[in-house]
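# A closer look at the structure
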Amino acid sequence: FLKAGTALAGSALVAGRLYAMPFPVPRGITLDRIGVYVSTLSTGLARLGIYADAGGASLCHPGSLVLDAGTIDVTATGVKSITISQALSQNSLYWLVILCQATPAIYCIPVAAVIAVLGHSNALGTAQNAGLYAAQTYGALPATFPTTPTLITAAPIPAIFVRLNA
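Residues numbered from 1 in each chain as written. Predicted model: local features only at pLDDT ≥ 70, side-chain atom pairs only at ≥ 80, totals over all residues. Heavy atoms only, no water.

Ranked by internal contacts, the top residues of the largest apolar core, which has 35 residues, are I34, V36, I50, L88 and I98. Mapped by element, the contributors of at least two residues to this core are β2 (17-25), β3 (29-40), β4 (45-53), β5 (62-73), β6 (78-88), β7 (92-100) and β8 (105-108). Among residues more than four places away in sequence, those in contact with V36 are L48, I72, G78, V79, K80, I98, I106, A159, I160 and F161. One finds L18, A20, Y51 and F145 within the second-largest nonpolar core, a separate group that totals twelve residues. (Core = buried A, V, L, I, M, F, W, Y, C linked by side-chain atoms within 4.5 Å. Buried < 20%, exposed > 50% of the residue type's maximum accessible area, 1.4 Å probe, protein only. Helix = DSSP H or I, 4+ residues; strand = E, 2+ residues; numbered from the N terminus. Contact = heavy atoms within 4.5 Å.)

Bringing the pairing of β2 into the picture now. With seven of nine residues buried, β2 is to be regarded as a mostly interior element. In the sheet, β2 pairs with strand β9 (residues 131-135) via four bridges, with the strands oriented antiparallel. Bridging from a neighbouring strand, L18 pairs with A134 of β9. Across eight bridges, the pairing between β2 and β7 is antiparallel. Among the inter-strand pairings, F23 is bridged to a residue of β7, identified as Y94. (Pairing = 2+ DSSP bridges.)

Right, let's get into unusual backbone geometry. The peptide bond linking A155 to P156 adopts the cis configuration, its omega dihedral lying at 0°. Checked against the element boundaries, P156 lands in the loop between β10 (150-152) and β11 (161-164). Phi at N91 is positive, roughly 55°, even though this residue is not glycine. Counting through the fold element by element, N91 comes out in the loop between β6 and β7. On the basis of relative accessibility, which here comes to 64%, the residue N91 falls in the exposed class.

Put into structure tokens, the structure is as follows:
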């Protein structure tokens, strides 16, 4: 994820909401972990994954599912990660996603720290477009991201972490 120098803070996510955060990839890479930091526990699970950008007229919108990484248990605090092996292509935009069964608080990006990869509102106000979300029943990630997402302009802005394969 992209953020400026403000510390991350815990914020509760909404159950049944598929959050998508832009992840620009300037060179080909392989990831070996995806995860979040749970700051306040909740019941149930959360699912993590990666979508490719839809491209074309839908540029800057998640398209096809690249990886459904599986689930993490959010009933305890701390780092929750999943081992993966996922190659990503250079000069591409991907989307890191999280879908929660309940309402855990995870480390999130404060609004003041957002680097607005998706720009600002069309009213050119102070709200930055940090990511997207869509209503989604909890379960396996859909093969294609929902077509009518909402821009994330306020908390929570999930911090989803990935690790490069060494």
